[in-house]
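Examination of the molecular architecture
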Amino acid sequence: MTRPAPPHPVGSDADPVPVWIGLGANLGERASALRHAVQAMAALPGTRVLRTSSLYRSAPVDAGGPDYLNAVAAITTTLAPLALLAALQAIELEAGRQRPYRNAPRTLDLDILLWGDERIASPTLTVPHPRLHERAFVLLPLAELAPERVKSAQLQAVQAQAIALAHGPDWADSASVPDSCS
């Protein structure tokens, strides 16, 4: 069922909703930016980071620039979808995110991939993420955290995309993960 996203945070008495967030960066200190983003999400009201996937290195898709580091975080939140989106965009801005043109290289990219079993359609947010099933850098880490949400045919469809494991799932807890993750 598709519903418009509520504009305001859900009250603290609301049940937490499972949400999967795509993380990516291809400029600056990529691993540090992603680690900081996970910490910032954990500090959001009513939000808990449950797990992070492994960290992957991938070539840009439909864009130029250096390789990305990508991961997915499984969280729960009592925030409403648009409130979480606004909070994620504030985290991106704090990391120096600029949007000079579509698919520009970025210091940090945070995307709401899935919101429980909901479908959301608003002028600013579409869930499931509209390109989720086209991107190996989303599907592989999502499959680590929620294998039931990724079909084998979807993984086969993106198998030609350049992607490599850069670091295991403990990257978010380890300050020693190098930015290069070679």
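In this report, the structure presented in the accompanying data block is examined. Residue indices follow the written sequence of each chain, beginning from 1 at its first position. Under the rules for a predicted model, residues below a pLDDT of 70 receive no local features and side-chain atom pairs below 80 are neither given nor counted, while totals for whole chains, interfaces and linings still include all residues. To get the side-chain values, all heavy atoms of the structure are used, and hydrogens and water are removed first.

Classification of residues uses two cut-offs on accessible area relative to the type maximum, computed with a 1.4 Å probe and protein chains only: under 20% is buried, over 50% is exposed, and between them is partly exposed. Helix and strand definitions here come from DSSP, where helices need a minimum of 4 consecutive H or I residues and strands a minimum of 2 consecutive E residues; each element is numbered from the N-terminal end. Counting buried residues in helix α3 (residues 136-145) gives 8 out of 10 residues, a clear majority hidden from the surface. For α3, the set of buried residues is A136, F137, V138, L139, P141, L142, A143 and L145.

What follows covers the nonpolar core. Put simply, a nonpolar core is a bunch of buried Ala, Val, Leu, Ile, Met, Phe, Trp, Tyr and Cys residues held in one set by side-chain atoms that sit within 4.5 Å of each other. Ranked by internal contacts, the top residues of the largest apolar core, which has 35 residues, are I21, M41, L84, I91 and I112. Where this core is concerned, the elements lending two or more residues are β2 (17-25), α1 (30-42), β5 (68-77), α2 (81-94) and β6 (109-115). Any two residues having at least one pair of non-hydrogen atoms within 4.5 Å are treated as being in contact. If sequence neighbours within four positions are ignored, I91 has contacts with A37, A40, M41, L44, L108 and L110. Counting 16 residues, the second-largest nonpolar core is a separate cluster that includes V72, L114, L132 and V150.

With 13 residues, α1 extends 19 Å from end C-alpha to end C-alpha; this agrees with the ideal 18 Å at 1.5 Å per step. All of the buried residues along α1 are R30, A31, A33, L34, R35, A37, V38, A40 and M41. Expected helix span is given by 1.5 Å per residue-to-residue step, counting one fewer step than there are residues.

As a further point, take the pairing of β2. Counting buried positions along β2 gives 7 out of 9 residues, so the element sits mostly inside the fold. As paired strands, β2 and β5 are joined by 9 bridges and run antiparallel to one another. What sits directly across from V17, in β5, is T77. Across 6 bridges, β2 lies against β6 in antiparallel orientation. Residue pairing in the sheet places V19 in a bridge with W115 of β6. For two strands to count as paired, DSSP must find a minimum of two bridges between them.

The next subject is the pattern of salt bridges. Here, a salt bridge means any Lys or Arg side-chain nitrogen found within 4 Å of an Asp or Glu carboxyl oxygen. All told, the structure shown has 3 salt bridges when counted by the stated rule. Put simply, D117 and R149 hold a salt bridge, and the shortest N to O gap is 2.9 Å. In this pair, D117 sits in the loop between β6 and β7 (119-121) while R149 sits in the loop between α3 and α4 (152-157), placing the two residues 32 residues apart along the sequence. Residue class for R149 comes out partly exposed when judged on its relative accessible area of 23%.

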